[in-house]
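Okay, here's what each chain looks like letter by letter:
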Amino acid sequence: MPGDVVVVTGSSGLIGSRVVRALAERFQVVGFDRAGDPHPPVEAECVCVDVTSDASVEKGLARVAYAYGDRLASVVHLAAYYDFSGAPSPRYRDVTVDGTARLLDGLRSFDVEQFVFSSTMLVHAPVVPGQRLSEDSPLAPTWAYPASKAATERVIAERRGEIPAVLLRIAGAYDEMGHSPPLADQMRRIYEKRITGRFYPGSLERGSAFVHLADVVAAIVATVEHRSELPSETPLLIGEEDTMSFGELQRELGRLLHGEPGRTYPVPKLAAKVGAWLQDRLPGEDPFVQPWMVERSDDHYALDTGRARALLGWRPQHTLRETLPAMAAALRDDPARWYDVNGFGEPP
């Protein structure tokens, strides 16, 4: 209903700003984000909230109660910390884990119909080709970012009280401009014909599931709309079931960017880790590939998203395989814009 209120944390982020726009067509939306960040779309009120601060969360929720009342249709919690260093950081606990606990504690004085948490498929242990993850697959995150999401899922189970919760375990998000750090870096290395783009320390037959940003937004909107029909605690995998292997991606990106399939050669993991370590210490730009990523190069994530289809009526309307030509065209046609959007500075 138009009068129903939805709070979106991380509302000015890559996903959050899109979620705000989509939900504003059906709900009254309030965006929570840090002071100084870009404001969300004009369809939402922006409240400056730092989830690492008790006082800030308290003031933000007081504003919501004053302006909109104490009944919330949903709280879509997207605010979190992440980086690709692979190293543990206190920010994971401060922002993602404790920030979620702080928000849930503050919501105790509200009548909340639903709490939606943006988790990741990486909370699950990887599988082998031929197998697919389901929501009941074992949880065994392999590095700091998914470990923080798994810890936060446990906090939600302990602190949500009577608030129904949905745990959206989302695959790697992308769109036609890239917007996926590992995928964009792979494209850049092939586009620039870097020597590092020709070697890989893992099996070329393994890969990781992806999902288009538009389909992530559609899944979140469907989750809010179906809130009255969902179980009290519902994990849902959100991603495409067509998982391209690393080798397939290499060959297709080479064809799209240079007119011939990209060739990839195996390299021992030890040599790859030494190379990544040396790159990290040489002058010049910071390399994306880190030694810890070499250890994860054989991880394989393929999804069974049947539960999301059954409970939300959701299925992805895009595939990475079908979107790659548009992604490659965006890079070829305007390298400066593509590099800027993906945080790579000036193209060579």
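Computed from a prediction, not measured in an experiment: that's the story for all the values here. (Residues numbered from 1 in each chain as written. Predicted model: local features only at pLDDT ≥ 70, side-chain atom pairs only at ≥ 80, totals over all residues. Heavy atoms only, no water.)

Chemist: How do you make sense of the packing of aromatic side chains when you look at a structure like this?
Modeler: Aromatic rings in a pair are described by how distant their centres are and how their planes are angled relative to each other. Counted under the stated rule, the structure contains eight aromatic pairs. Seen in terms of ring centroids, W143 and Y145 are 5.7 Å apart; in terms of plane orientation they differ by 45 degrees. Their pairing is tilted. Site record: aromatic cluster; members linked through ring pairs are Y191, W338, Y339 and F344. In this structure, R188 is placed above the aromatic ring of F344, and the distance from its NZ or CZ to the ring centre is 4.0 Å. (Phe/Tyr/Trp six-rings, centres within 6.5 Å; stacked < 30°, edge-to-face > 60°. Lys NZ or Arg CZ within 6 Å of the ring centre and 35° of its normal.)

Chemist: Even after reading the chapter, I still don't get the environment of S109, so can you show me in this structure?
Modeler: Its location among the elements puts S109 in the loop between α3 (90-106) and β6 (111-112). Residues S109 and L61, spaced 48 residues apart in sequence, show a C-alpha to C-alpha distance of 9.5 Å. (Helix = DSSP H or I, 4+ residues; strand = E, 2+ residues; numbered from the N terminus.)

Chemist: Whenever I open this one, the side chain of S119 confuses me. Can you help?
Modeler: With respect to the element layout, S119 can be found in strand β7 (residues 115-120). Here S119 falls in the buried class, since its relative accessible area comes to 4%. When near neighbours in sequence (up to four residues on either side) are disregarded, S119 contacts K149, E153, L168, R169 and I170. (Buried < 20%, exposed > 50% of the residue type's maximum accessible area, 1.4 Å probe, protein only. Contact = heavy atoms within 4.5 Å.)

Chemist: Would you take a moment to explain the layout of surface pockets for this structure?
Modeler: Empty space among the atoms can be located by rolling a probe the size of a water molecule over them. Its boundaries defined by the atoms lining it, the second largest pocket holds a volume of some 220 Å³. Lining the second largest pocket are 14 residues, with I190, R198, H258, G262 and R263 positioned closest to its centre. For the lining of the second largest pocket, the element with the most residues is helix α7 (residues 246-258), which contributes three residues. A class-by-class count of the residues in the lining of the second largest pocket yields two nonpolar, six polar and six charged. (1 Å grid on protein atoms, 1.4 Å probe; cavity = no way out; pocket = protein on both sides within 12 Å on 5 of 7 lines; lining within 4 Å. Points joined across faces, edges and corners; volume = space filled by probe spheres on them. Nonpolar A, V, L, I, M, F, W, Y, C, P; charged D, E, K, R; others polar.)

Chemist: Please clarify how the pairing of strand β2 (residues 28-33) should be interpreted in this entry.
Modeler: Regular strands show a simple pattern: their side chains alternate between the two faces of the sheet. Of all six residues in β2, five are buried; the element is thus mostly enclosed. In terms of strand pairing, strand β1 (residues 5-9) meets β2 through five bridges, oriented parallel. Its bridge partner being in β2, V5 is matched across the sheet by Q28. Between the parallel elements β1 and β2, the chain passes through helix α1 (residues 16-23) in a crossover that is right-handed. Sheet topology note: the β2/strand β3 (residues 45-48) ladder contains four bridges and is parallel. Bridge pairing in β3 links G31 to C46. (Pairing = 2+ DSSP bridges. Right-handed = clockwise from strand over helix to strand, strands pointing away.)

Chemist: Is there a simple way to explain helix α2 (residues 54-68) in this structure?
Modeler: Across its 15 residues, α2 extends 21 Å between first and last C-alpha, which sits within 8% of the 21 Å expected from 1.5 Å per residue. What α2 keeps buried is the set S56, V57, G60, L61 and V64. Looking straight down α2, one finds that the buried residues subtend no more than 125 degrees of arc, so they occupy a single side. Those residues of α2 that are exposed and aimed more than 90 degrees away from the buried face are D54, E58, K59 and Y66. Close packing links the buried residues of α2 with β1, β2, β3, β4 (71-72) and α3. Of the residues flanking the start of α2, the one acting as N-cap is S53, its side-chain oxygen 3.4 Å from the backbone nitrogen of A55. Just past α2, the residue G69 takes up positive phi, approximately 95 degrees. (Expected span 1.5 Å × (residues − 1). Arc of directions from axis to C-beta. Polar contact = N/O pair within 3.5 Å; in protein donor to acceptor, adjacent residues only side chain to side chain.)

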